[in-house]
Amino acid sequence: MPSVTITLPDGKTLPFDNPPSGFDVASKIGPRLAKDALAVKVDGEVRDLHAPITHDAKVSIITYKMRDGTVDPDALLLLRHSAAHIMAEAIGNIVKGAQLVYGPPLPTGFYYDIKFPDDRPLSTNDFANIEAEMKRIVAEDRKFTRYECDAAAGMGKLKSEGNKYKVDNAERAIAASSPSALGTQTSALSFYATGEPGKNWEDLCRGPHVPSTGRVGAIKVLSLASSFWHGDENSDRLTRVYGTAFATQQELDEYLKQREEASARDHRVIGAKLKLFHIDEAVGQGLILWTPAGGVVRDQLQKFISEELVKQGYHQVFTPHIGRLELYKTSGHFPYYKESQFAPIIERDALAELSAQGCGCAEMMHRVEGVSARLASTINERTKKQTITPDRVLSDDKLIEGFMLKPMNCPHHIKIFASQQHSYRDLPVRLAEFGTVYRWEQSGELNGMTRVRGFTQDDAHLFCTPEQVAQEVQGCLSLVKIVLSTLNMNNYRVRVGLRDPDAKKFTGDPAQWDLAEAACRNAAKTLGVQFSEEPGEAAFYGPKIDFVVKDVIGREWQLGTVQVDYQLPLRFGLSYIGADNKPHTPVMIHRAPFGSMERFCGVLIEHFAGAFPTWLSPEQVRVLPISEKTNEYAHSVLTALKNAGVRATVDDGNDRVQGKIKAAAEMKIPYMLIVGPRDAEQGNVSLRVRGVEKDAGAMKLETFVESIKREIAERRADLSVKP
RNA sequence: GCCACUUUAGCUCAGCGGUAGAGCGACGCUUUCGUAAAGCGUAGGUCCAGGGUUCAAAUCCCUGAAGUGGCUCCA
């Protein structure tokens, strides 16, 4: 028998005469550890607690809680993977003929994709039954038993069960562990029985699992969703059942409470309560109506960024909401993103003429969507590549012209640049606009302000020489940094999106892409923030740098973006006269520090839970007279505030002051000024600061006005006014 | 777009075949008050829309719209 030496995390070694299991190792360390052990990590790989360790290895025992008292993320994943099996068995017991597909753990829980028989779909009404069944399985505390068969036997077993999804999983597993890939390893399939193989429920599974069902203390079925097999929308539709699990009921309860709290800061809920925006069915899905209060927030953000733009040498431009279809065929937006744009707007006369010719719908679409031969050859010549798809090229007399609701601002800005001749001395030219664009998002994607069909980008396009790219990109990045730090959004990461190495989803010369990607990478390096490079994440015309901001609940939002573009200047034939007196093609940089005003405000609402810094607050101060006796004084206070440019109101209703405070607190107003006879006599105001449970004390009205003016002017993120 | 669920007063929701309900808000009156809701009263509804079943539909069935959670997508 070979002896095995186990090295523990603290460096101690334990000799064993026979290959021990993780449980044996834990038992040798102590009975308490053996009791708590869920699995074992062998040379960094998580394995079943009872699997034999056949060679000398570094071993650590995985318990639910780590030494510092926090939950081990490995243990949680393990437990949730096991919980997914328990849920799958429970569902299988309740719904006959349910075919299991795939059930992985997630950072917050787990799901199982299941194909239900058509006559028996799952509904949320089944949750109670499923949970009861899961509890029964947990109470039985059955062992998770692993067994392996060779590929042929395993496949035979699965095929006899008639579940094509599991057969497919097995085929993938065999392919992934094929001898050619891993040398000597023979491909085998592993199964886990929840209890005894042959007697209890079992599933094809790589594992590992917790030792027994009883170790999963608390499971809850959370929601239903649909998914596609292999994520392919043309493939089978599956039902995805989400759940979560913890070792104890208390942790589950805490998690559910946390979820509730998260939904309480939902921008749609807060937006309605604070009357920040409205979406009206009659106006249309995904179209935001900014109400007066939300209008203040947006206006302040726009003023803020406009000030920065002046400092950085930008020019403000204004362009209309539509443009000729031809423009977007030139830019490439129309062919590339046809599916996610509103349909073209076609002139009445053109429609009537086609209709008179008996032109059918398909023919009409073809003649709208086609590209003229002249445009195709021009662009292909300029970009030295076949960028116009030949089957869409029609002779000019067959084309129908139309307009597009603009999906991007760049073509309009390009035309502004092209309207004048430029010398290299003029560059960079920086054109900025709060430009509203429209995109046809799928209805199921729409979500409050964060996913909409019409939105305003804080857009700008910079036209510069190749030598200026690096510096201009850095300028853009510093702008994004100013924006994020002013708003106290300091938890973000930076993603450099590079072209997909093997896909054809990019246009242009690879050498230019290399240049652009290098410029982005270098600029990201100078940021002093961690960044990741992600191939395949580029725009079709160039690489980009995205700022992904993490909000208070840990969700990530892609907000600011900077993109380098060598393609559009070529497609539009842009040029400037260089020092050599010859024309050169400029490089374009697209950038939007907020991204979209709608989405940014939505994220901002959730970030602050509606409690905006004073400079952004729709209502900055509310004056609360104690009774009608001080209404007059309250109004004089209001006048003083308004004269100082402070957004303020008076609550002169006949509520008691407690009621007025409650109402003002619910509207998340930064400062309340409570005024009674005592204050009126001395020209004072009694201050109450948002988030503070008690009176901050009295102060002179003039002092308050000066302090809040300073706080607003500095765009401070905190409430700084004190008596 | 796909799957599940939801849609009743301005808001949050109850009612689930037999007269349309509550709390908050709004409005009015009383109270004139010192730090997170004073008291009383009044108004407010095409029960999402259209069709069907029924003596009778907010309630059951069908179709559609919108919303929510996911899937897929996001220049």
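Residues numbered from 1 in each chain as written. Chains lettered and ligands numbered in written order. Predicted model: local features only at pLDDT ≥ 70, side-chain atom pairs only at ≥ 80, totals over all residues. Heavy atoms only, no water.

Any details on the side chain of Asp546? Residues and values, ideally.
Examined against the element boundaries, Asp546 turns out to sit in strand 26 (residues 544-550). A polar contact of 3.5 Å, which involves the side chain of Asp546, links it to the side chain of Lys544. Excluding its chain neighbours within four sequence positions, the residues that come into contact with Asp546 are Arg493, Val494, Arg495, Gln558, Gly560 and Thr561. (Helix = DSSP H or I, 4+ residues; strand = E, 2+ residues; numbered from the N terminus. Polar contact = N/O pair within 3.5 Å; in protein donor to acceptor, adjacent residues only side chain to side chain. Contact = heavy atoms within 4.5 Å.)

Before we move on, can you summarise the protein's contact with RNA strand B with the specific residues and values?
Neighbouring RNA strand B are 53 residues; Ser226, Arg237, Gln285, Ser443 and Glu445 lie closest to it. For RNA strand B, the backbone makes up 50% of the atoms found within 4 Å of the protein, where backbone means sugar plus phosphate. Between a base oxygen of RNA strand B and a side-chain N or O atom of Gln442, the distance comes to 2.9 Å. At a separation of 3.3 Å, a sugar or linking oxygen of RNA strand B approaches a polar side-chain atom of Gln563. Within the residue set of the surface near RNA strand B, elements represented by two or more residues are strand 12 (218-228), strand 13 (237-246), helix 12 (333-337), helix 22 (657-666), helix 23 (677-682) and strand 34 (684-689). Looking at the surface near RNA strand B, the element that brings in the most residues is helix 22, giving six residues. Looking at the surface near RNA strand B residue by residue, the classes come out as 16 nonpolar, 20 polar and 17 charged. (Near = heavy atom within 4 Å. Nonpolar A, V, L, I, M, F, W, Y, C, P; charged D, E, K, R; others polar.)

Summarise the sheet that holds strand 10 (residues 188-194); cite the residues concerned and give the values.
Ordered by their spatial adjacency, three strands build an open sheet running 9-10-11, and the pairing between neighbours is antiparallel. Where the open sheet ends on each side, the last strands, each with one partner, are strand 9 (144-150) and strand 11 (202-204). Ignoring strand direction, the axes of neighbouring strands in this sheet form an average angle of 25 degrees. Of the pairings in the sheet, the one linking strand 10 to strand 11 comprises three bridges and is antiparallel in character. By the bridge assignment, Phe191 is partnered in strand 11 with Leu204. Docked against the sheet, helix 5 (residues 151-161) engages strand 9, strand 10 and strand 11, running at close to 115 degrees with respect to strand 9. (Pairing = 2+ DSSP bridges. Axes fitted to C-alpha atoms, helices over the stretch in contact; angles between N-to-C directions.)

So what about helix 4 (residues 127-140)? Which residues, and what values?
End to end, helix 4 covers 20 Å across 14 residues, agreeing with the expected 20 Å (1.5 Å per residue, within 8%). Of the positions making up helix 4, those classed as buried are Phe127, Ile130, Glu131, Glu133, Met134, Ile137 and Val138. One face of helix 4 carries all of its buried residues, which in axial projection span an arc of 160 degrees. Summarising the geometry of helix 4, the exposed residues directed more than 90 degrees from the buried face are Ala128, Lys135 and Ala139. Check the buried side of helix 4 and you find it contacts helix 3 (73-94), strand 10 and strand 12. Taken from the residues just after helix 4, Asp141 is the one with a positive phi, measuring 50 degrees. (Expected span 1.5 Å × (residues − 1). Buried < 20%, exposed > 50% of the residue type's maximum accessible area, 1.4 Å probe, protein only. Arc of directions from axis to C-beta.)

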